[in-house]
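Each chain, written out:
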Amino acid sequence: MRRAGTALLAATACLAALSGAPAWAGSPGPAESPAAATTATTAAVVPQCTGTAPIVCHADVPPGTYDVTAVLGGAQAGSTGVTAESRRTMLAATPTAAGQRLIRSFTVNVREPEGEPTGPSGSPGLDLAFGGDAPRLAGLKVTEVTKASEVSEATKVTEVSEATKTTPGRRHQLFLGGDSTVCDQLTAPYTGWGQQLPQFFRRGLSVANYADSGESSGSFLADPRLFATMRPLIRPGDTVLVQFAHNDKQTTAADYRANLGALLDGVPARGGKPVLVTPIVRRWFNDDGTLDNATALHINGLGVNLPAEMRSLAAERGVPLIDLTALTKRLVEELGPEGSKRLYLYDEARDNTHTSAHGATEFARLVLGELRAQRLVPAGVLR
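Just so you know, these numbers come straight off a predicted model, no measurement behind them. (Residues numbered from 1 in each chain as written. Predicted model: local features only at pLDDT ≥ 70, side-chain atom pairs only at ≥ 80, totals over all residues. Heavy atoms only, no water.)

Caption draft 1: Looking closely at the overall build of the protein chain. Scanning the protein chain from N- to C-terminus turns up twelve helices and 16 strands. Accessible area for the protein chain stands at about 14,900 Å²; split by element, carbon and sulfur atoms hold 55% of it. (Helix = DSSP H or I, 4+ residues; strand = E, 2+ residues; numbered from the N terminus. Areas by Shrake-Rupley, 256 points an atom, 1.4 Å probe, with all protein chains shown as cover.)

Written as structure tokens, this is what we have:
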């Protein structure tokens with residue numbers, strides 16, 4: 001949460017601009033209607049903004065969930081993308097014609113640490129960066145939905161019996177548990193697919209990414225900063241995606257299944273919906289242009305085919321499965337040894353495991369497709 005400067009971007013004018021801004025170009029859907037911004041929220045926060053390219057805005061707020069509504073556009077044509085906190089992409093590059101105004105809204109999970117749970121804390125509050133080729137920001141409003149402390153207190157009262165009760169208008173969360181290929185990476189060019197996922201959602205759902213570099217199915221359970229911290233925050237209606245395998249290099253099949261089972265058991269107890277996600281493939285080609293080998297497909301040092309074990313467990317437990325191994329294998333093979341380099345950090349670091357911002361976005365798009373096809377998140381929050 002790199003803090004912005006103290007210059008105010010016409011704060012009162014920003015707030016006023018929201019109500020007087022033109023309607024959407026095209027059909028925005030109800031989730032991005034300006035009138036919806038006040039539903040199930042409390043106090044609005046006036047952010048401080050500075051700069052022109054990027055425009056960096058900061059709001060002094062505690063950890064929690066916040067709706068953000070921005071009016072994009074200006075007298076000149078522009079193209080504006082939005083990132084939040086530790087390089088999370090909230091909005092892809094959005095073009096505006098000269099004189100055009102577009103309203104775009106999204107929901108942000110503010111937490112400490114702001115990125116990887118075992119990483120640096122960052123700075124307090126909410127940070128937004130409006131970048132792109134020619135960023136144009138005409139108005140901005142940040143509205144508190146819930147404080148993390150309020151959710152934490154609420155979770156002390158209830159387990160399964162109360163978990164079936166929902167809070168009217170509450171923002172749903174999409175929790176992520178995983179490793180470095182999923183997490184909010186602090187330093188570019190490293191980018192997790194979970195870091196790119198928020199751009200595909202409107203206001204109404206926030207992504208709470210608790211993935212952490214170097215974690216296995218066992219260490220995510222053992223470290224109190226990870227699942228033990230995430231689990232009490234899960235509320236009825238939330239979805240939890242779980243991807244582990246990259247660091248389960250010496251994990252037995254029995255232990256792997258037991259670890260995943262423990263994660264699966266912990267989510268429904270809070271009223272959430274667990275979803276298993278097989279790992280993204282490593283870019284490790286055979287001479288025939290396929291990825292049919294142990295390195296690429298996560299058959300570990302003990303000979304355990306980890307994606308196959310996850311598929312089997314999902315079928316046994318009746319748990320939804322996103323077969324990201326199969327989806328990324330198909331994409332990487334279609335692109336071939338040369339074209340697939342852009343997905344990973346091959347050119348930058350000869351890294352065939354971790355993804356570039358482009359690759360993370362493409363893999364997040366595959367996850368999005370499954371979230372939509374399997375109806376794992378409310379349809380109204382999809383952008």
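Having seen the model, we can carry on.
Caption draft 2: Quick look at the sheet that holds strand S10 (residues 172-177). Taken in spatial order, the five strands of this open sheet run S11-S10-S12-S13-S14, and their pairing is parallel. Taken across any chain shown, the strands that pair with only one partner, and hence form the sheet edges, are strand S11 (205-209) and strand S14 (321-322). The sheet contact formed by S10 and strand S12 (residues 239-242) spans four bridges and is parallel. In the strand pairing of S12, Leu174 is matched with Thr239. (Pairing = 2+ DSSP bridges.)

Caption draft 3: Structural context of the pattern of salt bridges. Under the counting rule described, the total for this entry stands at twelve salt bridges. As a salt-bridge pair, Glu309 and Arg257 come within 3.1 Å of each other at their nearest N and O atoms. A residue pair is termed long-range when its members are at least 10 positions apart, and Glu309 in helix H9 (residues 306-317) and Arg257 in helix H7 (residues 253-266) qualify at 52 residues. For Arg311, the salt bridge identified is with Asp323, shortest N-O distance 2.7 Å. Of this pair, Arg311 sits in helix H9 while Asp323 sits in the loop between S14 and helix H10 (324-339), and the two are twelve residues apart along the sequence. (Salt bridge = Lys/Arg side-chain N within 4 Å of Asp/Glu carboxyl O.)

Caption draft 4: Looking closely at the sheet that holds strand S5 (residues 78-84). The five strands lie next to each other as S2-S3-S8-S5-S6, forming an open sheet whose pairing is antiparallel. Of all the strands in the sheet, the pair left with one neighbour each is strand S2 (48-50) and strand S6 (88-96). For this sheet, the mean angle separating the axes of adjacent strands, direction not counted, is 15°. In this structure, S5 lies alongside S6, joined through six bridges in antiparallel fashion. Counted as the bridge partner of Gly78 is Thr96 from S6. (Axes fitted to C-alpha atoms, helices over the stretch in contact; angles between N-to-C directions.)

Caption draft 5: Spatial organisation of the side chain of Arg202. In this fold, Arg202 is placed in the loop between helix H4 (193-196) and S11. Within polar-contact distance, the side chain of Arg202 engages the backbone oxygen of Leu382 at 3.1 Å. (Polar contact = N/O pair within 3.5 Å; in protein donor to acceptor, adjacent residues only side chain to side chain.)

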